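Report on the structure
These are the residues of each chain, in order.
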Amino acid sequence: MSMIGLDSAPRLRRGVRLTYDKTRETHVLLFPEGVLVPNKTAAAVLELCDGVATVAEIAAELGRRYEGVRVEDVRNVLTRLEERRVVEWK
Amino acid sequence: MEVTAHQPTAQPPLGMLAELTHRCPLHCPYCSNPIELVTRENELSTDEWLDVVGQARELGVLQVHLSGGEPLARHDLPVLVSRAADLGCYVNLVTSGLGLTEERLTDLVDRGLAHVQLSVQGADAETANRIAGVKAHAHKLKAAQAVKELDIPLTVNVVLHRANHHQVADLIALAERMGADRLELANTQYYGWGLRNRSALMPTAEQLAEAEPIVRAATERLRDTMQIVYVVADYYSPYPKPCMYGWGSRQLTVAPNGDVLPCPAASSITTLTLDNVRSRNLADIWYRSAAFNAYRGEDWLPDPCRGCSRKGIDFGGCRCQAFLLTGDAGATDPVCSLSPDRGLIDTILASTPSEPPELVMRQNTIKVV
């Protein structure tokens, strides 16, 4: 499993949707026959995965919102989400 | 000393199986619908279904499976898809593919349909049409093509039994050609029509032994392109299947007439008092009804389940099967090798006929195309 490049633009895989569930007060990832609950960090990253923004841009955007965001952490989160078949990139 | 009645705590449901209608153009002899089908006059109205979808989302439902019968037989399917999708649910259409034209599908996808589950009865037209009781196979190939052209995920659902088990390799190849993202190969479950046809549908031990290595190899080979889910033939298993991952734990079913079921086959348990959305709120039914609390949690478990290390894996097995075969829905699933009733299953398997009898095809059908 290779690490995602900083200039890659990740997006949700076909058929995967991110939504906010007010009953459980958390973001949820929905896909055929499945539900995953991402943690707060993963949810913040996923919300910015539109297939246009690059990893560097996502990290910069998160850095404006939260303190102490490191691009390596964002890459790690995305790599894990790719392993779970939630996101993809070209 | 306790002063209040113990109520097992329940989490909100993740999924709702909405059986919009029992009407269907197919006649599959293993249909999961009950023998006593709900007629069109007794189906919930459009407004009632819209309300049910809203209540379900409020309750926490995230996956809405629009099923039947054939859900396309309901002309209000588009507005139901819109409502569920607009509320943030993942909307799944469970269909025979008959009537699923490119035009209808495009409209449903525009409204937010996320996933299609398409049934396939056999690997070739002759076998498939014989099992479906109607010339359906060619329509299914076209429906699959339409799903792929719209680029949404496709699951192919196959029920396996004695008359198609030998085709398992060809069924996998067909699903690959159809471009399926997932393939469910489910051995027949014996309720309703499946139970009526059990002696004709029961695969032989040889058939199962031949299929298993094929399925295993394909699952590995296709790991990155097509997920294969194999549902075992539980009569041949030493342990029962994890029925609903716990009764009243993850999913509810709403029947065409509004009856709310803890499991799609639960209307077969005649000792269960079912509530209906026409007279009771969905959340109240989920959390407080007798039917949903009857086998929830672990307090109800009989021996030998109570002290068994597998109770967290299979939850005592299938309540419908326990009722249909032993007369007691609270008994250990008789499939279990530890059940005092396992002899019932062994007797059934031992009496599997060398030549299968004629199939009794499901009746009460309509033309929806």
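Residues numbered from 1 in each chain as written. Chains lettered and ligands numbered in written order. Predicted model: local features only at pLDDT ≥ 70, side-chain atom pairs only at ≥ 80, totals over all residues. Heavy atoms only, no water.

1. Focus on the UniProt feature "domain: Radical SAM core" (unreviewed entry) in chain B
UniProt records the feature "domain: Radical SAM core" (unreviewed entry) at residues 10-221 of chain B, using the numbering of this structure. Counted over residues 10-221 of chain B, helix gives 43% and strand 17%. Its end C-alpha atoms are 39 Å apart. (UniProt positions renumbered as here; feature names shortened; annotations may be inferred. Helix = DSSP H or I, 4+ residues; strand = E, 2+ residues; numbered from the N terminus.)

2. Things to note about the interface of chain B and chain A
Across the contact, 27 residues belong to chain B and 17 residues belong to chain A. Counting the surface lost from both chain B and chain A, the interface buries some 1,700 Å², and carbon and sulfur atoms represent 48% of this. On the chain B side of the interface with chain A, the three residues burying the most area are Leu 62, Gln 63 and Tyr 90 of chain B, jointly 32% of the side's total. Here Arg 85 of chain A and Asp 224 of chain B are joined by a salt bridge, their closest N and O atoms 3.9 Å apart. Here chain B is connected to chain A by 14 residue pairs in polar contact (both at pLDDT 80 or more). For the side of chain B that touches chain A, a count of residues per class yields eleven nonpolar, eight polar and eight charged. (Contact = heavy atoms within 4.5 Å. Buried area = accessible area lost by both parts, 1.4 Å probe. Salt bridge = Lys/Arg side-chain N within 4 Å of Asp/Glu carboxyl O. Polar contact = N/O pair within 3.5 Å; in protein donor to acceptor, adjacent residues only side chain to side chain. Nonpolar A, V, L, I, M, F, W, Y, C, P; charged D, E, K, R; others polar.)

3. Focus on the pattern of salt bridges
Where charged atoms from two side chains of opposite charge come close, those side chains can pair. Summed over all chains, the structure comprises 27 salt bridges over all chains. A salt bridge links Arg 74 of chain B to Asp 76 of chain B; its shortest N-O distance comes to 2.7 Å. When sorted by exposure, Arg 74 of chain B lands in the same class as Asp 76 of chain B, which is buried. Here the salt bridges do not stand alone but share partners, grouping Arg 14 of chain A together with Lys 148, Asp 151 and Asp 181 of chain B into one network. (Buried < 20%, exposed > 50% of the residue type's maximum accessible area, 1.4 Å probe, protein only.)

4. Topic: empty space enclosed by the protein
Residue and element names in this part refer to chain B. Throughout the structure, instances matching the rule amount to two cavities of 30 Å³ or more. When its volume is computed, the largest cavity comes out at roughly 70 Å³. Lining the largest cavity, in full, are Pro 240, Pro 304, Cys 305, Cys 308, Arg 310, Lys 311, Asp 314, Gly 316, Thr 332, Cys 336 and Leu 338. Here the lining of the largest cavity is composed, by residue class, of six nonpolar, two polar and three charged. Approximately 40 Å³ is the volume found for the second largest cavity. Every residue along the wall of the second largest cavity is listed here: Asn 187, Thr 188, Tyr 190, Met 202, Pro 203, Ala 233, Asp 234 and Tyr 235. (1 Å grid on protein atoms, 1.4 Å probe; cavity = no way out; pocket = protein on both sides within 12 Å on 5 of 7 lines; lining within 4 Å. Points joined across faces, edges and corners; volume = space filled by probe spheres on them.)

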